[in-house]
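So you can see what is in the structure, the chains are spelled out below.
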Amino acid sequence: MSLSFLKPKKQDLSALVAAIEANTRDDTLKRFLPEEAWPVLASYLIPEDVQRGHVLISQGALDRTLYFIEKGSLRVHYGDQAGQVHIATLGAGAVVGEGAFFSHIERNATVQALEPSRVWGLTPDRFDRMSKEHTAVALSLAMTLGAILSTRMLDISKRVAVS
């Protein structure tokens, strides 16, 4: 008996890869993740279309899903009683959610769609499965996310604005 229905479905990531290639920011995936990783990742990512105003990540949530942005733009902000601190606006070709993906602690910011957007999610369970089935790609992705996180932390003073 075949259990092929248990295997992840390979998705077409060509539009996502094109967005990543067009991204010119310092914290871009193309600087760190080898092109040959994408065919493997295609089997583990879950596409999601979100409308303007949709909250993809809620501050305080325990979800650890990582998101790759294919199209649209997302606003990252931190809120407290004094107001909101705008951390970043991320567009096509960027990744978001890497902090909680690694830390296993609650989300420290909210991520909301500024316009209709398409994102690709990678859950911790799917990453764990990938790390067993494609160890080199999982390690490469982890190192890439670490490099992006480090780049963003070093550059945070340039991107914080209070609103």
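A brief structural summary. Model, not experiment: these values are computed from the prediction.

A few points about the side chain of Thr110
- You can see Thr110 is positioned in strand β7 (residues 110–113).
- Thr110 sits in the buried class, given a relative accessible area of 13%.
- A polar atom in the side chain of Thr110 sits 3.1 Å from the backbone nitrogen of Gln59.
- Ignoring anything within four residues of it in the chain, the contact list for Thr110 reads Val55, Ile57, Ser58, Gln59, Arg75, Val76 and His77.

Structural notes on the packing of aromatic side chains
- Summed over all chains, the structure comprises three aromatic pairs.
- Summarising the aromatic geometry, the rings of Trp38 and Phe68 are spaced 5.7 Å apart at their centres and angled 80 degrees between planes, so their arrangement reads as edge-to-face. Taken together, the residues span a long stretch of sequence, with Trp38 in helix α2 (residues 38–41) and Phe68 in strand β3 (residues 66–71) at a distance of 30 residues.
- Since its relative accessible area comes to 6%, Trp38 is described here as buried.
- Overall, Phe68 belongs to the buried group, its relative accessible area being 0%.
- Centroid distance Phe101 to Phe127: 5.3 Å. Interplanar angle 80 degrees. Geometry classified as edge-to-face. Linking Phe101 in helix α3 (residues 98–103) with Phe127 in helix α4 (residues 124–133), this pair joins segments that are 26 residues apart in sequence. Considered together, Phe101 and Phe127 belong to a single accessibility category, that of buried residues.
- Three or more aromatic residues joined by ring pairs form one cluster here, namely Phe101, Phe102 and Phe127.
- Its end group placed over the ring of Phe101, Arg64 keeps NZ or CZ at 5.9 Å from the ring centre.

Quick word on unusual backbone geometry
- Positive phi is not limited to glycine here, since His104 has a value of about 65 degrees.
- Mapped onto the fold, His104 is located in the loop between α3 and β7.
- Overall, the relative accessible area of 54% leaves His104 in the exposed class.

Observations regarding helix α1 (residues 14–22)
- Within α1, burial applies to Leu16, Ala19 and Ile20. One face of α1 carries all of its buried residues, which in axial projection span an arc of 100 degrees.
- Residues of α1 that are buried in the fold lie against α2, β3 and β8 (117–122).

Thoughts on the layout of surface pockets
- Considering only enclosed or pocket space, the largest pocket measures out at about 490 Å³ in volume.
- Secondary structure elements with two or more residues in the lining of the largest pocket: β5 (83–91), α3 and α5 (135–159).
- Ranked by the residues each element gives to the lining of the largest pocket, the list is headed by α5, at five residues.

With respect to the side chain of His77
- Tracing the backbone shows His77 in strand β4 (residues 73–80).
- The class for His77 is buried, based on a relative accessible area of 6%.
- A distance of 3.1 Å separates polar atoms of two side chains, one belonging to His77 and the other to Arg75.
- Apart from the residues lying within four places of it in its own chain, the contact partners of His77 are Gln59, Gln84, Val85, His86, Ile87, Ala109, Thr110 and Gln112.

What counts, and where the lines are drawn
Residues numbered from 1 in each chain as written. Predicted model: local features only at pLDDT ≥ 70, side-chain atom pairs only at ≥ 80, totals over all residues. Heavy atoms only, no water. Helix = DSSP H or I, 4+ residues; strand = E, 2+ residues; numbered from the N terminus. Buried < 20%, exposed > 50% of the residue type's maximum accessible area, 1.4 Å probe, protein only. Polar contact = N/O pair within 3.5 Å; in protein donor to acceptor, adjacent residues only side chain to side chain. Contact = heavy atoms within 4.5 Å. Phe/Tyr/Trp six-rings, centres within 6.5 Å; stacked < 30°, edge-to-face > 60°. Lys NZ or Arg CZ within 6 Å of the ring centre and 35° of its normal. Arc of directions from axis to C-beta. 1 Å grid on protein atoms, 1.4 Å probe; cavity = no way out; pocket = protein on both sides within 12 Å on 5 of 7 lines; lining within 4 Å. Points joined across faces, edges and corners; volume = space filled by probe spheres on them.

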